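Residue strings, one per chain:
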Amino acid sequence: MKARIHVTLKPGVLDPQGKAIEHALLGLGFGGIDAVRQGKYIEIDLAESDWDKARTDIEAMCRQLLANTVIENYAIELTE
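**Regarding helix 2 (residues 51-66)**
An ideal rise of 1.5 Å per residue puts 22 Å on 16 residues; helix 2 reaches only 20 Å between its terminal C-alpha atoms. Along helix 2, the residues that are buried comprise Ala54, Ile58, Ala60, Cys62 and Leu66. In the core, the buried residues of helix 2 are packed alongside strand 1 (2-9), strand 2 (39-45) and strand 3 (72-79). Here helix 2 starts with a cap whose side-chain oxygen sits 2.9 Å from the backbone nitrogen of aspartate 52, and that cap is aspartate 50.

**As for the side chain of glutamate 72**
Here glutamate 72 shows up in strand 3. Given the relative accessible area of 14%, glutamate 72 is considered buried.

**Section: the sheet that holds strand 3**
An order of 2-1-3 is seen for the three strands of this open sheet, with the pairing classed as antiparallel. Only two strands of the sheet have a single neighbouring strand rather than two, namely strand 2 and strand 3. On average, each strand axis in the sheet is tilted by 15° relative to the strand beside it, whichever way the strands run. Strand direction decides the pairing type here: strand 1 and strand 2, joined by seven bridges, are antiparallel. For histidine 6, the partnering residue across the bridge sits in strand 2 and is tyrosine 41.

Reading the values: rules and limits
Sequence positions are assigned chain by chain, starting from 1 and proceeding in written order. Local features are withheld for residues below a pLDDT of 70 in this predicted model, meaning they are given only at 70 or higher, and side-chain atom pairs are given and counted only at 80 or more; totals for whole chains, interfaces and linings count all residues. Working from all heavy atoms in the structure, the side-chain values ignore hydrogens and water. To qualify as a helix, a DSSP run of H or I must reach at least 4 residues; to qualify as a strand, a run of E must reach at least 2; elements of each kind are numbered from the N terminus. To estimate the expected span of a helix, count its residues, drop one, and scale the result by 1.5 Å. Exposure categories follow from relative accessible area, calculated using a 1.4 Å probe and restricted to protein chains: below 20% of the type maximum is buried, above 50% is exposed, and the middle band is partly exposed. Only heavy atoms enter the contact rule, under which two residues are in contact if any of them lie within 4.5 Å. N or O atoms within 3.5 Å of each other form a polar contact, as long as, within protein, one can give a hydrogen and the other can take it, and as long as residues adjacent in sequence are counted only when both atoms are side-chain atoms. When DSSP finds two or more bridges between a pair of strands, those strands are recorded as paired. Lines fitted to C-alpha atoms define the axes here, with helix axes fitted over just the stretch in contact, and angles between the N-to-C directions of these axes take values from 0 to 180 degrees.

Right, here's the structure in full:
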């Protein structure tokens, strides 16, 4: 089983890296950009075959290490 985790900053949290990307894109001539937000993508291969157990484990991993839940949101996708 594979877990795909997207971690993004919560709305309202300043994103200096996103702002730097935005300025760089504008400097390269890409117009029509209102804002850029950046995040993390994490892929984990699991030996677990029980979907509920896998989701519970991944949720715990996100809360304890992978995401700072004070300023970040995360979304989990499980696939075989």
